[in-house]
Amino acid sequence: MVFMPNKSTPDYLFEKANQCFRRARTGSNARVELEALGNEFMVEAIDLDIKLQNLAKGITPPLPPHGGNDYGQAAF
């Protein structure tokens, strides 16, 4: 299948995961591999979807603490 520019990347990955799951149910000799590949697509789709939702909300992951001599204490 060709990448569809009108679909978002998470939607594309979800569709690929579903294709793998459907083909795994057809009695294919590669059933285990197809299910594993489908799971990988699903994980990537979910991770990307969460990141995109957080970007849309303006939420960014916390920055690592800076300053090497604070000994783990919170700065006030």
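### Notes on the overall build of the protein chain
So, step 1. Broken down by element type, the protein chain carries two helices and zero strands.
So, step 2. Looking at the protein chain as a whole, 16% of its 76 residues are labelled buried.
So, step 3. Split by element, the accessible area of the protein chain, about 6400 Å² in all, is 59% carbon and sulfur.

### Structural notes on helix α1 (residues 9–24)
So, step 1. With 16 residues, α1 should cover 22 Å at 1.5 Å per step; its first-to-last C-alpha distance of 23 Å lies within 8% of that length.
So, step 2. If you check which residues of α1 are buried, you get Pro10, Tyr12, Leu13, Lys16, Ala17, Gln19, Cys20, Phe21 and Ala24.
So, step 3. Among the structural elements, α2 (31–57) are those in contact with the buried residues of α1.

### As for α2
So, step 1. Helix length check: α2, at 27 residues, gives a terminal C-alpha distance of 39 Å against a target of 39 Å (1.5 Å per residue), a fit within 8%.
So, step 2. Those residues of α2 that fall on the buried side of the exposure criterion are Leu34, Gly38 and Ala45.
So, step 3. Following α2 by one or two positions, glycine 58 adopts a phi angle in the positive range, close to 85°.

### Describing the pattern of salt bridges
So, step 1. Going through the model one piece at a time under the given rule, you end up with two salt bridges.
So, step 2. A salt bridge links glutamate 15 to arginine 22; its shortest N-O distance comes to 3.4 Å.
So, step 3. Residue classification places arginine 22 among the partly exposed residues on the basis of a relative accessible area of 42%.
So, step 4. Residue glutamate 35 is joined to arginine 31 by a salt bridge in which the shortest nitrogen-to-oxygen separation is 3.9 Å. Here glutamate 35 pairs with arginine 31, and both are found in helix α2, just four residues apart, close to one helical turn.

### Things to note about the packing of α1 against α2
So, step 1. Where α1 meets α2, the closest approach of the two axes is 8 Å, and the angle between their N-to-C directions is 160°. By the criterion of interaxial angle, the relationship of α1 to α2 is roughly antiparallel. Relative to α2, the crossing made by α1 is left-handed.

Rules behind the numbers
Residue indices begin from 1 for each chain and proceed along its sequence in written order. Owing to the predicted nature of the model, reporting of local features is limited to residues with pLDDT of at least 70; listing and counting of side-chain atom pairs is limited to 80 or more, with chain, interface and lining totals taken over all residues. Side-chain metrics rest on all non-hydrogen atoms present in the structure, leaving aside hydrogens and water. Secondary structure elements follow DSSP: runs of H or I of four or more residues count as helices, runs of E of two or more count as strands, with numbering from the N terminus. Exposure categories follow from relative accessible area, calculated using a 1.4 Å probe and restricted to protein chains: below 20% of the type maximum is buried, above 50% is exposed, and the middle band is partly exposed. Note that accessible areas follow from Shrake-Rupley with a 1.4 Å probe, and for residues the cover is restricted to the protein chains shown. Expected helix span is given by 1.5 Å per residue-to-residue step, counting one fewer step than there are residues. Two residues qualify as a contact provided that any one of their heavy atoms is within 4.5 Å of a heavy atom in the partner residue. Should a side-chain nitrogen of Lys or Arg be within 4 Å of a carboxyl oxygen of Asp or Glu, the pair is scored as a salt bridge. Under this scheme, a helix contributes an axis fitted over its contacting stretch, all axes are lines through C-alpha atoms, and angles between N-to-C directions fall in the 0 to 180 degree range. Geometric relationships in this document are graded by angle, where less than 35 degrees denotes roughly parallel, more than 145 denotes roughly antiparallel, 65 to 115 denotes roughly perpendicular, and other angles denote oblique. Take the far helix as your reference; a near helix turned counterclockwise from it by less than a right angle gives a left-handed crossing, and one turned clockwise gives a right-handed crossing.

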